[in-house]
Amino acid sequence: KNMIKQLHKKFLLVVLAALFSLTSQGVIAYEVSGESFPANFKITSWTAEDGKSTITSEGVVGEGYGKVYLTHTFNVNSDDGMSGDMVGQARTVNQDGELQFASLQGVWSRDGKIVSIHSFDSLNNGVLNHAQGRVDLFEGTLSFKVFPVN
């Protein structure tokens, strides 16, 4: 089981690296289609450190997730400080008290007050989601369109 998790993480990193490589060079426009659901959050804290920032947020999400708590750590890996990679964690609890957790990993870029995110999220129940989102740093909001992968 541990080996499967390691392979899963390596696969996700390869996919993310390929996507970032292609989109950062402007070779293709990256667009996802299919079934999706919205997920909206309010920032509850922002911690700035050298070369990275961590944002926590919370919101209520449909699709059985319930109350969702997120932590995103945005690492800068570009010379201009306008893009990088992101890792995070999610915890959800629905009204029946069922708790789920997820590992989040992806890439981000910033244009003014808006941070765009492309993330692959691996849940403890085996669900894999692709989330496309935007963080409005001034309004203190995160808005995602979530695409179930499996």
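Residues numbered from 1 in each chain as written. Predicted model: local features only at pLDDT ≥ 70, side-chain atom pairs only at ≥ 80, totals over all residues. Heavy atoms only, no water.

Caption draft 1: A look at the pairing of strand β1 (residues 37-49). Sheet analysis places β1 next to strand β8 (residues 141-148), joined by six bridges and oriented antiparallel. Directly across from F37, in β8, lies its bridge partner V146. Where β1 folds back on strand β2 (residues 52-61), the antiparallel hairpin that results is connected by two residues, among which G51 adopts a positive phi of roughly 80°. (Pairing = 2+ DSSP bridges. Helix = DSSP H or I, 4+ residues; strand = E, 2+ residues; numbered from the N terminus.)

Caption draft 2: The confidence of the model for the chain, seen in detail. Per-residue pLDDT for the chain averages 85, and the proportion of residues at 70 or more is 78%. Taken together, the stretch residues 22-29 has pLDDT below 50 and engages in four contacts with residues farther than four places along the chain or on a different chain. (pLDDT = per-residue confidence, 0-100. Contact = heavy atoms within 4.5 Å.)

Caption draft 3: Examining the pairing of strand β7 (residues 128-136) more closely. Of all nine residues in β7, eight are buried, a share of seventy percent or more. Pairing of strand β6 (residues 114-123) with β7 involves nine bridges; the strand directions are antiparallel. Pairing of V115 across the sheet is with V135, part of β7. Hairpin connection between β6 and β7: a loop of four residues separates the two successive antiparallel strands, and G126 in this loop has a positive phi of roughly 95°. Bridge count for β7 against β8 is eight bridges, and the pairing is antiparallel. (Buried < 20%, exposed > 50% of the residue type's maximum accessible area, 1.4 Å probe, protein only.)

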